[in-house]
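Chain and residue survey
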Amino acid sequence: MKKKVYLTLQNGKVFEGYRFGAEGETVGELVFTTGMTGYLETLTDPSYYGQIVTQTFPLIGNYGVIPEDFESAKPWVSAYVVREVCEKPSNFRSEGTLDAYLKERGIIGVCGVDTRELTRIVRETGVMNAYISSTPLSETDGRRKETADYRVRNAVRSVTCPEVREYAPADAKYTVALWDFGCKENIVRELVKRDCRVLRIPSFYTAEQILALSPDGIMLTNGPGDPEENADIIAELKKLAGKKPIFGICLGHQLFALAMGGRTGKMKYGHRGSNQPVKDLRTGRVYISSQNHGYEVLSSAVKNGKIRFVNANDNTCEGVDYDDINAFTVQFHPEACGGPHDANFLFDRFFSNMEKEKCHA
């Protein structure tokens, strides 16, 4: 028999559902993602650290659990909310059910919730915190204050790799320093596919330590949390600008903008899903992209670079070219997995930049 569970929003509204996955209580920042596929990639994406993730697609878990599709070794969400969870997945690659996987990993799941209404609330009022518990939270419950006070803190330091990791194809042509702020595994795969030796660097490394590895290029990865919280990384990025070709993705895009004198801000409910249209201002072409972020680079405050991509829905900044220092950054995920591969060519652009730099050295 399924156990009842309650999702209490920061504004006091209570949703009643049923448990799957692990038992227990938790608090987190409630967000939604619109992807129709890719729930395994969502669960294991470090960018969701500290967040309760709601899937807008009504049925989740239908192709089971496939470890080869994970973006990291473990799930990072605080909890997972779905309309309906599939108990009998059908896929030749499946190695189990979503319920069993979340139980094993200690992640609380909630099903039977009207995720459409939940999404509408977040869209209208903005991202808010929520608490999952066995009983609804009353107005005098101390957990209500805990919910209101919750903040995602020390996010990057919590998800980065603890030491340098090397991924080396047989015929490596270039060495890339992959600065790990919460890296998705498919970024590594895309680089290795292009014959790059990848050195995955912890977030707490200094510019001097990174340059001592003699990389041909530096990639700044995705990751969770408020970019402005990472003052130490921003200071090191200032030292790296212009020293090597740089390519930044998602949080890496935001951190580099801050290092260049720009500003960032928190969005009302962010962009999360695999259907975000981005327009290339240089060519006029629109690409469909995968995204996962709650902060943006403020277009009016971009410094020392030129905005290259904008979101076709809300005109927010989606990418900046820093031609004078051989660097470019994008807010979206060109390595998208699962998701569209429209922007995959950006890895080739980075490869080309490294090639040019080496030829002129």
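Small disclaimer: the values here were computed from a predicted structure and weren't measured.

With that settled, the discussion passes to the sheet that holds strand S8 (residues 108-111). The seven strands lie next to each other as S1-S2-S8-S6-S4-S3-S9, forming a closed barrel whose pairing is mixed. Within the sheet, the average angular offset between the axes of one strand and its neighbour, ignoring direction, is 35 degrees. Here strand S3 (residues 26-33) pairs with strand S9 (residues 128-133) via five bridges, running antiparallel. By the bridge assignment, Glu29 is partnered in S9 with Asn129. Those strands touched by helix H2 (residues 98-105) are strand S2 (14-21) and strand S6 (79-81), and its axis lies near 85 degrees from that of S2.

Before going further, it helps to spend a moment on the nonpolar core. Counting residues in each nonpolar core, the largest one holds 29 residues, and the members touching the most others are Trp179, Phe181, Ile210, Leu220, Leu237 and Phe256. Within the residue set of this core, elements represented by two or more residues are strand S11 (174-179), strand S12 (196-201), helix H7 (207-211), strand S13 (217-220), helix H8 (231-240), helix H9 (251-259) and strand S18 (317-322). In terms of residue count, the dominant contributor to this core is H9 (six residues). When near neighbours in sequence (up to four residues on either side) are disregarded, Ile210 contacts Ala177, Trp179, Ile201, Tyr205, Pro215, Ile218 and Leu240. Core analysis: the second largest hydrophobic core is formed by 25 residues, Cys183, Cys196, Met219 and Phe347 among them.

If you trace the 10 strands from one edge of the open sheet to the other, you get S10-S12-S11-S13-S14-S19-S18-S17-S15-S16, paired in mixed fashion. Edge positions in the open sheet fall to strand S10 (165-167) and strand S16 (286-297), since each of these has one partner strand only. Strand-to-strand twist in this sheet, taken as the mean axis angle between neighbours without regard to direction, amounts to 20 degrees. Sheet analysis places S18 next to strand S19 (residues 327-330), joined by four bridges and oriented antiparallel. Bridge assignment links Tyr322 to a residue of S19, and that residue is Ala327.

This part is about the packing of aromatic side chains. This model, assessed by the stated rule, comprises 14 aromatic pairs. With centroids separated by 6.2 Å and ring planes inclined at 55 degrees, the aromatic side chains of Phe204 and Tyr205 adopt a geometry described as tilted. An aromatic cluster is present here, built from Phe247, Phe328, Phe347 and Phe350 joined pairwise through their rings. Lying across the ring of Trp76, Lys74 places its NZ or CZ 4.4 Å from the centre.

Let us look at the packing of H8 against H9. Orientation of H8 relative to H9, taken along the N-to-C sense of each, is 70 degrees, at an axis distance of 8 Å. As judged from the angle between their axes, H8 and H9 are roughly perpendicular. Once H8 is placed against H9, the crossing between them reads as right-handed. Within the contact between the two elements, H8 uses Ile233, Ile234, Leu237 and Lys238 and H9 uses Leu255, Phe256, Leu258 and Ala259. In terms of residue class, the contact of H8 with H9 is built from seven nonpolar, no polar and one charged.

What follows concerns the environment of Glu355. Following the sequence through the fold, Glu355 ends up in helix H10 (residues 345-360). The class for Glu355 is partly exposed, based on a relative accessible area of 29%. Each C-alpha atom, one on Glu355 and one on Cys161, is 28 Å from the other, the two residues being 194 residues apart in sequence. Within the local environment of Glu355, its side chain forms a polar contact with the side chain of Lys173, the two groups lying 3.0 Å apart.

A few words on the state of the cysteines. Covalent bonding between the sulfur atoms of two cysteines is what defines a disulfide. Counted under the stated rule, the structure contains zero disulfides. For Cys111, which is in no disulfide, the shortest distance to another cysteine sulfur is to Cys86 and amounts to 12 Å. Under the relative-accessibility criterion, Cys111 is labelled buried at 3%. Here Cys183 is not cross-linked by a disulfide; its sulfur's nearest cysteine counterpart is in Cys161, at 8.4 Å. Accessibility expressed as a relative area gives 1% for Cys183, which makes it buried.

Positive phi outside glycine occurs at Cys250, with the angle close to 60 degrees. Tracing the sequence through the fold places Cys250 in the loop between strand S14 (246-249) and H9. A residue is classified by how much of its surface remains accessible, and Cys250, at 1% relative accessible area, is buried. Within the chain, Asn315 stands out as a residue other than glycine whose phi angle is a positive 65 degrees. Position of Asn315 among the secondary structure elements: in the loop between strand S17 (306-311) and S18.

On the secondary structure map, Glu29 appears in strand S3. Only 2.5 Å separates the side chain of Glu29 from the side chain of Lys266, close enough to count as a polar contact.

As a further point, take the pattern of salt bridges. Under the criterion given, the structure shown has 27 salt bridges. Glu23 is paired through a salt bridge with Arg19; the nearest N and O atoms lie 3.6 Å apart. Glu166 serves as the salt-bridge partner of Arg197, at 2.8 Å between the closest nitrogen and oxygen. Here Glu166 lies in strand S10 and Arg197 lies in strand S12, a separation of 31 residues in the sequence. Owing to a relative accessible area of 27%, Arg197 belongs among the partly exposed residues under this scheme.

So, how was this worked out
- Residues numbered from 1 in each chain as written.
- Predicted model: local features only at pLDDT ≥ 70, side-chain atom pairs only at ≥ 80, totals over all residues.
- Heavy atoms only, no water.
- Pairing = 2+ DSSP bridges.
- Helix = DSSP H or I, 4+ residues; strand = E, 2+ residues; numbered from the N terminus.
- Axes fitted to C-alpha atoms, helices over the stretch in contact; angles between N-to-C directions.
- Contact = heavy atoms within 4.5 Å.
- Core = buried A, V, L, I, M, F, W, Y, C linked by side-chain atoms within 4.5 Å.
- Buried < 20%, exposed > 50% of the residue type's maximum accessible area, 1.4 Å probe, protein only.
- Phe/Tyr/Trp six-rings, centres within 6.5 Å; stacked < 30°, edge-to-face > 60°.
- Lys NZ or Arg CZ within 6 Å of the ring centre and 35° of its normal.
- Parallel < 35°, antiparallel > 145°, perpendicular 65-115°, else oblique.
- Left-handed = near helix turned anticlockwise from the far one by under 90°.
- Nonpolar A, V, L, I, M, F, W, Y, C, P; charged D, E, K, R; others polar.
- Polar contact = N/O pair within 3.5 Å; in protein donor to acceptor, adjacent residues only side chain to side chain.
- Disulfide = S-S within 2.5 Å.
- Salt bridge = Lys/Arg side-chain N within 4 Å of Asp/Glu carboxyl O.

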